[in-house]
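# Summary of the model geometry
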Amino acid sequence: MASETLHHKIVVVGGGTAGISVAARLRRAGETDVAVVEPSDTHYYQPLWTLVGGGRAPIRASARPEASVMPKGVAWIKAHAEGFDPENNSLTLATGAAVEYDYLVVCPGIQLDWNKIPGANEAVNGPFASSNYSYDLAPKTWRLIRPLRRGTAVFTMPAGPIKCAGAPQKIAYLACDYWRQQGVLGDLRVVLVLPTPGMFGVKVFSDVLETVAARYGIEVHKSSEVVEVDGESRRAVIVNHADESREEVTYDLMHFVPPQSAPDWVKASPLADKASPFGYVEIDKNTMRHVRYPNVFSLGDCGSSPNSKTGAAVRKQAPVVASNLRAVMRGEQPAPKYDGYASCPLTTSRHHLLLAEFDYSMEPRPTIPLINTKKEVYDRNMFKRYALPAMYWNMMLKGTA
Ligand code: FAD
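Source: prediction; values computed, not measured.

Let's shift gears to the overall build of the protein chain. When you go through the protein chain residue by residue, the secondary structure sums to 10 helices and 22 strands. A compact globule built from 401 residues would reach a C-alpha radius of gyration of about 21 Å, and the protein chain, at 21 Å, matches this within 12%. C-alpha atoms of the protein chain, sized along the principal axes, occupy 65 × 45 × 40 Å. For the protein chain, the proportion of its 401 residues judged to be buried stands at 56%. Of all intrachain contacts in the protein chain linking residues separated by at least 6 positions in sequence, the fraction that spans at least 24 positions is 64%. Accessible area for the protein chain stands at about 16100 Å²; split by element, carbon and sulfur atoms hold 51% of it. The averaged location of the 40 negative side-chain charges in the protein chain is 9 Å from the averaged location of its 44 positive side-chain charges.

Along its sequence, the protein chain is organised into domain 1 (5–110 + 262–340) and domain 2 (114–259). The gap between the C-alpha centroids of domain 1 and domain 2 is 31 Å. The interface is formed by 18 residues belonging to domain 1 together with 18 residues belonging to domain 2. Of the roughly 1500 Å² buried where domain 1 meets domain 2, counting both sides, 69% is carbon and sulfur surface. Looking at the side of domain 1 facing domain 2, the largest losses of area belong to Trp 49, Thr 50 and Gly 53, adding up to 34% of the total buried there. Our count for the domain 1 to domain 2 interface comes out at 0 salt bridges. The tally of links from domain 1 across to domain 2 stands at 3 residue pairs in polar contact (both at pLDDT 80 or more). Among the elements that make up the side of domain 1 that touches domain 2, the one with the highest residue count is helix H2 (residues 48–53) (5 residues). Residues of the side of domain 1 that touches domain 2, tallied by class, amount to 9 nonpolar, 7 polar and 2 charged.

Cut-offs used in this document
Residues numbered from 1 in each chain as written. Predicted model: local features only at pLDDT ≥ 70, side-chain atom pairs only at ≥ 80, totals over all residues. Heavy atoms only, no water. Helix = DSSP H or I, 4+ residues; strand = E, 2+ residues; numbered from the N terminus. Rg over C-alpha atoms; globule rule 2.2 N^0.38 Å. Buried < 20%, exposed > 50% of the residue type's maximum accessible area, 1.4 Å probe, protein only. Contact = heavy atoms within 4.5 Å. Areas by Shrake-Rupley, 256 points an atom, 1.4 Å probe, with all protein chains shown as cover. Lys, Arg positive; Asp, Glu negative; His and termini not counted. Charge placed at Lys NZ, Arg CZ, Asp CG, Glu CD. Domains from an automatic or database assignment. Buried area = accessible area lost by both parts, 1.4 Å probe. Salt bridge = Lys/Arg side-chain N within 4 Å of Asp/Glu carboxyl O. Polar contact = N/O pair within 3.5 Å; in protein donor to acceptor, adjacent residues only side chain to side chain. Nonpolar A, V, L, I, M, F, W, Y, C, P; charged D, E, K, R; others polar.

Structure (structure tokens):
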């Protein structure tokens, strides 16, 4: 296919949560020439990986064949995109082929920068550390949590935007609840390293999480980061950015979350926000349209809009992108309809949930009747384990929710 040039009216790069949701909506709206560039055979529902790491769900429940979620009538270009040429309405594939478009939607997700923290990659592939941020590693998190009876457990979160900013602490609470039930929590030192001065960006939820961490006796290191790991000696170096102090902790278990940024090939492209070290696709935060290329849109983890990077945010962005793209096709202006909505179902125990919903105002934005979203609720985690995945596979990916 090296010298081949394809052409489609609308090309969507990435067939993950965002790409499939948008492609399905465009097909439902009657668009007949939509292509999705997606290299993977498998589609992942990543929010389940937190429950997998906490021993609450099997990993296989998070994966389905990509072919089963690809909307009917969409052309699937099974390849890696590797460069954009927006001046010529074209992109290149790793195969060497080019794909020309009239309209482009960019959503290839986020890159996990394992190598930014020296030693982290080796550590998570060694015997004492893991990460729910990878399909291959999430089951190992539970294999490490289950037998631990004494010693030190470290849970990390990096600085900068990451997907699901609540996930680094959700797994700490699931683990602590399990150790409490086993009667060993008192024999463990549990350290949670957060880059932020508070537990969460929205004060009401942050206040609840303070009480959750205190309940489990978790030692929270705020404004701090793990900057170096030695998997062999099980040492993690924690720097506190508020007072520049350094501390070395020897761990018996570490759950590590890597720093994240736009994929390198997106960062290097003309679509990237060059003023930001993270290099996301530079879009208007309300219309989701590119600020320099009017026939280009982006959403999901790869977009520069300053919302919390979650599938819940994608659910609200996808209809905005689909309708604004079609407005632009008709020669109209895109409407500023996305308000930054995101939600994060914070598992505070194996049976409790704090459903944090908020928008750009960073104030609570509850949407679900009958649930007090400012308090932990008891639901045996049925909502996160069964209701949300069912909504995802059966409605969101089909463009109906
Ligand atoms: P993705 O879904 O990651 O899709 C990106 C797609 O692009 C993939 O299919 C990939 O194969 C493809 N791709 C990659 N490179 C290329 C390329 N070169 N060319 C073409 N295609 C490419 N969200 C919530 O709402 N609630 C939660 O509770 C929650 N918990 C989470 C817990 C964990 C541990 C993790 C990791 C994530 C969690 N999320 C949660 C976040 C959510 O999964 C993401 O925000 C969401 O998947 C973003 O969608 P996306 O389409 O932008 O990226």
